[in-house]
There are 2 protein chains.
Amino acid sequence: MNTSTANISVTKVTNSRLAEVDFDNLTFGSTFTDHMFVCDFKDGAWHNPAIVPYGPLTISPAAKVFHYGQAVFEGMKAYKDDNGEVFLFRPEQNFERINKSSKRMAIPEFPRDIFFEALHKLLDLDKGWVQSGVGNSLYIRPFAMATQVGVSASPSDEYKFIILLSPVKAYYTGDVRVTIAQKYSRSADGGVGAAKAAGNYGAQFYPTNLAREKGFQQVVWTDSNEHKYLEEAGTMNVFFRINDTLITAPTSDRILDGITRKSVISLAERAGIDVDVRRLAVSELVDAANNGSLKEIFGSGTAAVISPVSAFGYNDKVYDLQKQDDSYATKFKQQLMDIQYNRSEDPFGWRYPIAND
Amino acid sequence: MNTSTANISVTKVTNSRLAEVDFDNLTFGSTFTDHMFVCDFKDGAWHNPAIVPYGPLTISPAAKVFHYGQAVFEGMKAYKDDNGEVFLFRPEQNFERINKSSKRMAIPEFPRDIFFEALHKLLDLDKGWVQSGVGNSLYIRPFAMATQVGVSASPSDEYKFIILLSPVKAYYTGDVRVTIAQKYSRSADGGVGAAKAAGNYGAQFYPTNLAREKGFQQVVWTDSNEHKYLEEAGTMNVFFRINDTLITAPTSDRILDGITRKSVISLAERAGIDVDVRRLAVSELVDAANNGSLKEIFGSGTAAVISPVSAFGYNDKVYDLQKQDDSYATKFKQQLMDIQYNRSEDPFGWRYPIAND
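Residues numbered from 1 in each chain as written. Chains lettered and ligands numbered in written order. Predicted model: local features only at pLDDT ≥ 70, side-chain atom pairs only at ≥ 80, totals over all residues. Heavy atoms only, no water.

In this section: the pairing of strand 9 (residues 137-146) of chain A. All names here are of chain A. Of all ten residues in strand 9, ten are buried; the element is thus mostly enclosed. In the sheet, strand 7 (residues 76-80) pairs with strand 9 via three bridges, with the strands oriented antiparallel. Its bridge partner lying in strand 9, Met 76 is registered against Ile 140. Taken together, the ten bridges between strand 9 and strand 10 (residues 159-168) define a ladder with antiparallel strand orientation. Each residue of the ladder has a partner; that of Leu 138, found in strand 10, is Pro 167. (Buried < 20%, exposed > 50% of the residue type's maximum accessible area, 1.4 Å probe, protein only. Helix = DSSP H or I, 4+ residues; strand = E, 2+ residues; numbered from the N terminus. Pairing = 2+ DSSP bridges.)

Structure follows, in structure tokens:
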């Protein structure tokens, strides 16, 4: 069936796959809903925004994305409350960030009205895929990529902007053990670390594999010059609680301006917790671990929300963290999820209603 | 027609597009030959190596290459001499380098025997696309990319290894003006700069656009820590001739181990020219330009072979270079092309015969 509302054409599936999905056994990011959004950039403008059945693309092997990694993405989630209403969390931030990422990667910015209309239409169509219940959500993956044919290293003239939806459970199960980077690095000053550029992630796979072989799930990256200061983990920003002060690295052109990160800072400040946004030296972290003042480490990110870190490795030593009765990680995770799932007030106006059953 | 020799299956086109091609008006890397090579990695091994008609791929929008830039490539060329014999230039180096790049990007290495057999079969089939005449060549683009479906940031379990062939003329026409990076950077210590990882190239498009707006074609990157030392340009290594000494940056995990670069060093050493492989400070370059000891700058790379630089920009000043009667750039370019096109002896054993008419 082909219908058109406003500017986005909609082609619905004839048979939904929803009934076939085992929502209790989802692998993160590998199941997709019935529909996706696709829009093409050509001749200097975005054309033909369309919602179509989720399915494969037909794309040239010479498309620039394969050769030059000219691609950016975002990660968002939709949450359903007990009344069947579906909410996003601060989607304006994701919209602004993908365009910031695009600019750094020489990709044309995407129009605000099409972005939000696409989300509304897509979520309305596939709202049955958003499961209620805390921990369940629909992961939303907007991305843009270079599709022009050409194996010469210059910006593409053609792009696709796509939004995929994937039902998920929580990203991490259990606590996370991290290792502090001493050899490899994630990004350079003047580089693309602050952008959600595709290549930033692939570049971390090898060092992360080495970390996994030693029993750590993630790497906490340090500055590439000296490996002296703590920056971020590959899929999350990182917070350190020393005594009762919460410390996290300032954003820069190396560090992603995380939406969960800035939300945690707002929640902490509202609670009267001292938040110190500054560079934390690895040596200071080790000292704090040794003298007992290091209370918690946790990661923040859309996929993981809040991930408590149970141990960190450095210089072949492992530093275990004790569980805290008044854990900030637990408190902020609860507060964030209460807002996301419409179980509490929304003092900052972060909830964004988008569809309902 | 489906035939199989050794392990690589071959499906030929029914009608060649060769007669339609205007070889005098080629845009670099945008015309492709009749056939391509494709091989899939799945369940821990490379399977089904095949030569098939060049054409689009059918690929999931959730394939990891689009989201995480897990992809690497190589650039090689085939040259035809006046007798119709087709040669590659040091292909063993490209083979070793793509596997080195793959390792850094957590991509499984590709088998040597399939790589070379694929090149032999593909070049034999499409040898009519290699035009004789100095400057004409067939650009060869092997690449590997992550094809597993999944929007979670972890290495793919599935990959495609593809080889495309593209008839080309010389990459640059005329001299190149470069600007020295003072704000943006290309790679970090401990990063993926030494790998031909897709994302390294897309990351340079924006700063290169800024340079183009100021009249420069390329950026010469400097160290990301202090922007104090000269490293490489985005698609070529860079050589500086001060008096009669040839200076180029040492390879590192930030700088690509260029095959043309190492060939130039060999040619220079054979000619008794002093070659100084060391970090050259920007300040030293500016001093040399001011006192007249800077004779030449040139880039080296497979696409461009040797690109003489006619001017460099730094601190909003432009330093023009005078043409040299005894230009090293001209000499090395001639010597390299004489070897590549089988017009001279091959003292280093760089020529690799692969097909003939």
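Additional details are given in the paragraphs that follow.
Take the packing of aromatic side chains next. Residue and element names in this part refer to chain B. The tally for this structure, following the rule as stated, stands at 53 aromatic pairs over all chains. For the ring pair Phe 348 and Trp 350, a centre distance of 4.4 Å and an interplane angle of 15° mean the geometry is stacked. On the basis of relative accessible area, Phe 348 is assigned to the partly exposed category, the value being 33%. When the ring centre of Tyr 328 is taken as origin, the NZ or CZ atom of Arg 241, which lies over that ring, is 3.8 Å away. (Phe/Tyr/Trp six-rings, centres within 6.5 Å; stacked < 30°, edge-to-face > 60°. Lys NZ or Arg CZ within 6 Å of the ring centre and 35° of its normal.)

Glancing now at the domain arrangement of chain A. When the parts of a complex come together, some accessible area is lost, and that lost area is often taken as the interface size. Residue and element names in this part refer to chain A. If you check the domain split of chain A, you get domain 1 (2-168) and domain 2 (176-324). On a C-alpha basis, the centroid separation for the pair domain 1 and domain 2 is 29 Å. Taken together, the contacts link 17 residues of domain 1 with 17 residues of domain 2. Interface of domain 1 and domain 2: buried area, both sides summed, is about 1,500 Å²; carbon and sulfur atoms make up 59% of it. Contact with domain 2 buries area across many residues of domain 1, yet Phe 73, Arg 97 and Arg 104 alone supply 37% of it, more than any other trio. Applying the counting rule to domain 1 against domain 2 returns zero salt bridges. Applying the counting criterion to the domain 1 and domain 2 interface returns ten residue pairs in polar contact (both at pLDDT 80 or more). (Domains from an automatic or database assignment. Contact = heavy atoms within 4.5 Å. Buried area = accessible area lost by both parts, 1.4 Å probe. Salt bridge = Lys/Arg side-chain N within 4 Å of Asp/Glu carboxyl O. Polar contact = N/O pair within 3.5 Å; in protein donor to acceptor, adjacent residues only side chain to side chain.)

Once that is clear, we can look at the packing of helix 2 (residues 91-104) of chain B against helix 3 (residues 112-125) of chain B. Residue and element names in this part refer to chain B. At their nearest, the axes of helix 2 and helix 3 sit 11 Å apart, and the two run at 135° to each other. Between helix 2 and helix 3, the angle falls in the class oblique. In this structure, the crossing between helix 2 and helix 3 has a hand that is right-handed. Where helix 2 approaches helix 3, its residues Pro 91, Glu 92 and Phe 95 are matched on the opposing element by Arg 112, Phe 115 and Phe 116. Its residues assigned to classes, the contact of helix 2 with helix 3 shows four nonpolar, no polar and two charged. (Axes fitted to C-alpha atoms, helices over the stretch in contact; angles between N-to-C directions. Parallel < 35°, antiparallel > 145°, perpendicular 65-115°, else oblique. Left-handed = near helix turned anticlockwise from the far one by under 90°. Nonpolar A, V, L, I, M, F, W, Y, C, P; charged D, E, K, R; others polar.)

Moving on, we come to the nonpolar core. Grouped together as the largest cluster of nonpolar side chains are 66 residues, with contacts concentrated most on Phe 66 and Met 145 of chain A together with Phe 66 and Met 145 of chain B. Setting aside residues no more than four positions away along its own chain, Met 145 of chain A makes contact with Leu 57, Ile 59, Val 65, Gln 70, Ala 71, Glu 158, Tyr 159, Lys 160 and Ile 162 of chain A together with Phe 66 of chain B. (Core = buried A, V, L, I, M, F, W, Y, C linked by side-chain atoms within 4.5 Å.)

Residues and elements named next belong to chain A. Taken from the UniProt record, the annotation "modified residue: N6-(pyridoxal phosphate)lysine" (unreviewed entry) applies to Lys 196. Of note, Lys 196 is situated in the loop between strand 11 (176-180) and helix 4 (198-213). Take Lys 196: its relative accessible area is 11%, and that puts it in the buried class. If sequence neighbours within four positions are ignored, Lys 196 has contacts with Ala 71, Val 72, Phe 73, Glu 74, Gly 75, Arg 97, Ser 101, Tyr 201 and Leu 256. (UniProt positions renumbered as here; feature names shortened; annotations may be inferred.)

Looking now at the interface of chain B and chain A. Between chain B and chain A, the contact holds 61 residues from the first and 61 residues from the second. Here chain B and chain A share an interface that buries about 4,800 Å² over both sides, 65% of which is from carbon and sulfur atoms. Ranking the residues of chain B by area buried against chain A places Pro 61, Phe 66 and Phe 205 of chain B at the top, with a combined share of 15%. For the pair chain B and chain A, the interface holds zero salt bridges. At the surface where chain B touches chain A, the tally comes to 18 residue pairs in polar contact (both at pLDDT 80 or more). With nine residues, helix 4 (residues 198-213) of chain B is the largest single contributor of residues to the side of chain B that touches chain A. Class assignment for the residues of the side of chain B that touches chain A results in 35 nonpolar, 21 polar and five charged.

The two copies are related by a screw motion: chain B maps onto chain A through a turn of 180° and a shift of 0.0 Å along the axis, at an RMSD of 0.0 Å. Taken together, these values place the two copies in the relation of a two-fold axis. Most of the interface of chain B is mirrored in chain A, where 100% of its interface residues are also at the interface. (Least-squares fit on C-alpha atoms with pLDDT ≥ 70 in both.)

Take helix 5 (residues 259-270) of chain A next. Residue and element names in this part refer to chain A. Under the 1.5 Å per step criterion, the end-to-end length of helix 5 is 17 Å for twelve residues, consistent within 8% with the ideal 16 Å. Turning to helix 5, its buried residues are Ile 259, Thr 260, Arg 261, Ser 263, Val 264, Ile 265, Leu 267 and Ala 268. Downstream of helix 5 by one or two residues, Gly 272 has phi in the positive range, about 80°. (Expected span 1.5 Å × (residues − 1).)

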